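For reference, the chains in residue letters:
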Amino acid sequence: MVQRESRPLDASLCGFSLELLRATLLNSSTQRLIYSCARMKTITLSLILMALTCAVVAQYFILRATHFDPGARVLAAIDLAALQSAPAAKQKAAPANSAIERTRKLVDEIRAAAYPELRDAQINIETFEDRADYFRSSFSFSRYLLPGKMRYRLLVNPCVFESQAPDEGVRAILAHELGHTLYFTQRNRIELLGLVRLAGKGFTARFERWADLQAIARGYGEGLKAYREWLYQHVPVDRLAEKRRNYFSPEEIDAILAAKQKRPEQMAYWLKHVPLNLREIQAGAQ
Ligand SMILES: [Zn+2]
């Protein structure tokens, strides 16, 4: 009986395959192809890394333009409650939760009454601490990088409620914050990235006054005036000039309201050409 010799056959097949592989690898055009693939991979990885770096830098500058305080964020990122005694942490959490609840309720009311464009926008309410800012707006960084629906953030300083800010004023400043959210929703991710080159004093004043105009156009002018009057009494003296420069003062709001009553279409013009002082408002109102 003849026995089948499978080993030599397997070995020769294996040798043949190795030969084939070696020949293929030695083929110069295949080598070029492999080299190109490796290069493409490197380029793709570099592009992804560049995009991530740009997104991080963009987020920093956009949030800085909207009065973002990186120091405050870093402190918020560290779980301060864990570093403090439990009763102290509890004491701090109570006003924060209450501020979030009150803000959430007001935001929902204002959104339903005055911002139909934001009906489906996902807005998270969070708290922050600062000695001169009471509200801030931004968008979710993680959502910026991922495809799909963006998420927006509205931050509240619980001190605004503890310092008896007028109700009408709080509603108006929330209408201003929703103006920022509207601004973010009207821009795609690339345009939001483009805000980086605009970050600066001139841009901040236009950005803030544009949100003020949104609130005034939607019926919150008197409330905004009341908020600014309260605010001027509740910011450190060294921050007052900045508040007057970046936002409409009570006198400027009066001039806008008078012009709006006389010529309602003026608001649409100002939303495109934001006035930066009383002289520009008076010139536009004539
Ligand atoms: Zn603002």
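Preceding this section is the structure that the text describes.
Quick caveat, the model's predicted, so the values are computed rather than measured.

### Here we look at the overall build of the chain
On a plain count of helices and strands, the chain comes out with 14 helices and 3 strands. Burial statistics for the chain: of 286 residues in total, 24% are counted as buried. Nonlocal contacts in the chain, meaning residues at least 24 apart in sequence, comprise 78% of its contacts between residues at least 6 apart.

### Topic: the sheet that holds strand E2 (residues 135-139)
Pairing in this open sheet of 3 strands is mixed, and the strands run E1-E3-E2 from one edge to the other. At either margin of the open sheet sits one strand with a lone partner, and together these are strand E1 (122-127) and E2. Strand-to-strand twist in this sheet, taken as the mean axis angle between neighbours without regard to direction, amounts to 20°. As paired elements, E2 and strand E3 (residues 151-156) share 5 bridges and run antiparallel to each other. The residue of E3 that forms the bridge with serine 138 is arginine 153.

### Notes on the nonpolar core
One broad rule of soluble globular proteins: the nonpolar side chains tend to lie buried together. Ranked by size, the top nonpolar core spans 38 residues in total, and within it Ala172, Ile173, Leu174, Ala175, Ala215, Ile216 and Leu224 carry the most contacts. Elements represented by at least two residues in this core include exactly helix H5 (86-114), E2, E3, helix H8 (167-185), helix H10 (201-233) and helix H12 (250-262). The element best represented in this core is H10, accounting for 11 residues. When sequence neighbours within four positions are dropped, the list of residues in contact with isoleucine 216 reads Gly221, Leu224, Ile253 and Ile256.

### Some remarks on unusual backbone geometry
Backbone geometry places glutamine 164, a non-glycine residue, at a positive phi of 50°. You can see glutamine 164 is positioned in the loop between helix H7 (159-162) and H8.

### Structural notes on the environment of leucine 154
Within the fold, leucine 154 resides in strand E3. Among the residues examined, leucine 154 registers 21 C-beta atoms within 10 Å and is labelled buried. For the pair leucine 154 and phenylalanine 139, spaced 15 residues apart in the sequence, the C-alpha separation amounts to 8.4 Å. In contact with leucine 154, other than residues within four places in its own chain, are Thr103, Val107, Ile123, Ile125, Ser137 and Glu177.

What counts and how
- Counting of residues starts from 1 at the beginning of each chain's written sequence and follows it residue by residue.
- In keeping with the predicted nature of the model, local features appear solely for residues at pLDDT of at least 70, side-chain atom pairs appear and are counted solely at 80 or more, and the whole-chain, interface and lining totals rest on all residues.
- Numbering goes from the N terminus for both helices and strands, where a helix is a DSSP run of H or I of at least four residues and a strand is a run of E of at least two.
- Each residue is classified by how many other C-beta atoms fall within 10 Å of its C-beta atom, where C-beta atoms are placed from the backbone; a count of 20 or more means buried, 12 or fewer means exposed, and values in between mean partly exposed.
- Throughout, a residue-residue contact means that the two C-beta atoms, derived from backbone geometry, are no farther apart than 7 Å.
- Strand pairing follows a simple DSSP-based rule, namely that at least 2 bridges must link the two strands.
- Each axis is a line fitted through C-alpha atoms, and for a helix only the stretch in contact is used; angles between axes span 0 to 180 degrees, taken between their N-to-C directions.
- Definition of nonpolar core: a set of buried Ala, Val, Leu, Ile, Met, Phe, Trp, Tyr and Cys residues joined via C-beta atoms within 7 Å.

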